[in-house]
Amino acid sequence: MIAEWLAALEATALARGLRDSVWAYPLVNAGHVAGVAFLVGAIVPLDLRLLGLWQSVPIASLWQVLTRTAAAGLVLAIGFGFLLFMSRATEYAESQLFISKMAVVAGATANALILRLAVFDEGPQPGLAGGKLPPGVRLSGGISLIGWLTALLLGRLIGYF
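Anyway, here's the lowdown on the structure attached to this text. Fair warning: this is a prediction, and the values are worked out from it, not measured in the lab.

Rules behind the numbers
Residues numbered from 1 in each chain as written. Predicted model: local features only at pLDDT ≥ 70, side-chain atom pairs only at ≥ 80, totals over all residues. Heavy atoms only, no water. Helix = DSSP H or I, 4+ residues; strand = E, 2+ residues; numbered from the N terminus. Buried < 20%, exposed > 50% of the residue type's maximum accessible area, 1.4 Å probe, protein only. Areas by Shrake-Rupley, 256 points an atom, 1.4 Å probe, with all protein chains shown as cover. Lys, Arg positive; Asp, Glu negative; His and termini not counted. Charge placed at Lys NZ, Arg CZ, Asp CG, Glu CD. Expected span 1.5 Å × (residues − 1). Contact = heavy atoms within 4.5 Å. Phe/Tyr/Trp six-rings, centres within 6.5 Å; stacked < 30°, edge-to-face > 60°. Axes fitted to C-alpha atoms, helices over the stretch in contact; angles between N-to-C directions. Parallel < 35°, antiparallel > 145°, perpendicular 65-115°, else oblique. Left-handed = near helix turned anticlockwise from the far one by under 90°. Core = buried A, V, L, I, M, F, W, Y, C linked by side-chain atoms within 4.5 Å. Salt bridge = Lys/Arg side-chain N within 4 Å of Asp/Glu carboxyl O.

Observations regarding the overall build of the protein
Reasoning step 1: Within the protein, the secondary structure is distributed over seven helices and zero strands.
Reasoning step 2: When the elements of the protein are put in sequence order from the N terminus, they spell out α-α-α-α-α-α-α.
Reasoning step 3: Scored against the burial criterion, the 161 residues of the protein give a buried share of 36%.
Reasoning step 4: For the protein, the accessible surface area stands at approximately 9300 Å², while carbon and sulfur atoms represent 71% of it.
Reasoning step 5: The average position of the 10 basic charges and that of the 8 acidic charges among the side chains of the protein differ by 12 Å.

In structure tokens form, the structure reads like this:
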């Protein structure tokens, strides 16, 4: 049943248009890369701050700007990524690299949501600006950093294998 759905997705006019166009696929790919750049570019400095770097910089300042930037990047990456997926759905669904990337993205996204709900539900607390972070925040920052960088690596490898 899933194989039929994937084949039908690949057979849509949109998917065929992406595969057949000289410009569409590269432009969609560029949109995906831009989304990933916003996401990872925002997450890395925030994770490094959660890990203890730049303690003089208030987390509240970083949190407000970088989480919104990362969320916008994730939305772009998912949207454009789905268009890329459509063009070769059956092939990607069989790729262990692709499946691994999707699992890592899901885990890293879940980690971010848990951190937001557990610590920053109503925005960063004033005490977090330069003080001690609650237990688990450093661990969450480390998991996030490793997760998003792993997703980035897996995504690049998909194109080569």
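On we go.
A few points about helix H7 (residues 137–158)
Reasoning step 1: Its 22 residues give H7 an end-to-end C-alpha distance of 31 Å, which sits within 8% of 32 Å, the value for a rise of 1.5 Å per residue.
Reasoning step 2: Among the residues of H7, those classed as buried are Val 137, Ser 140, Gly 141, Gly 142, Ser 144, Leu 145, Gly 147, Trp 148, Ala 151, Leu 154 and Ile 158.
Reasoning step 3: Those residues of H7 hidden inside the fold are in contact with helix H3 (24–50), helix H4 (59–87), helix H5 (89–93) and helix H6 (96–118).

Quick word on the environment of Ile 78
Reasoning step 1: Tracing the backbone through its elements, the reader meets Ile 78 in helix H4.
Reasoning step 2: Once the C-alpha coordinates of Ile 78 and Gly 31 are considered, the two residues, 47 residues apart in sequence, prove to be 10.0 Å apart.

Details of the packing of aromatic side chains
Here the distance between the centres and the angle between the planes together describe a pair of aromatic rings.
Reasoning step 1: By the definition in use, this model includes four aromatic pairs.
Reasoning step 2: One aromatic cluster is present, built from ring pairs that chain together Phe 82, Phe 85, Tyr 92 and Phe 98.

Here we look at unusual backbone geometry
In most cases, non-glycine residues show a negative phi, while peptide bonds are predominantly trans.
Reasoning step 1: Positive phi, close to 50°, is recorded for Trp 54, a residue that is not glycine.
Reasoning step 2: Take Trp 54: it is sitting in the loop between H3 and H4.
Reasoning step 3: For Trp 54, a relative accessible area of 44% gives the class partly exposed.

Observations concerning the packing of H6 against H7
Reasoning step 1: The interhelical angle for the contact between H6 and H7, taken along N-to-C directions, is 155°, at an axis separation of 9 Å. In terms of their interaxial angle, H6 and H7 are classed as roughly antiparallel. Of the two elements, H6 crosses H7, and the hand of that crossing is left-handed. Residue-level inspection shows Leu 97, Phe 98, Ser 100, Lys 101, Val 104, Val 105, Ala 108, Thr 109, Asn 111 and Leu 115 of H6 in contact with H7, the latter providing Val 137, Ser 140, Ile 143, Ser 144, Gly 147, Trp 148, Thr 150, Ala 151, Leu 154, Gly 155, Leu 157 and Ile 158.

Looking at the nonpolar core
Reasoning step 1: Grouped together as the largest cluster of nonpolar side chains are 19 residues, with contacts concentrated most on Leu 39, Leu 115, Val 137 and Trp 148.
Reasoning step 2: Mapped onto this core, the elements with two or more residues apiece are H3, H4, H6 and H7.
Reasoning step 3: Leu 9, Ala 15, Met 86 and Ile 158 belong to the second-largest nonpolar core, a separate cluster that totals nine residues.

Thoughts on the pattern of salt bridges
Reasoning step 1: Applying the stated criterion across every chain yields a total of one salt bridge.
Reasoning step 2: Salt-bridge contacts for Glu 91 lead to Arg 88; the nearest nitrogen and oxygen are separated by 3.0 Å.

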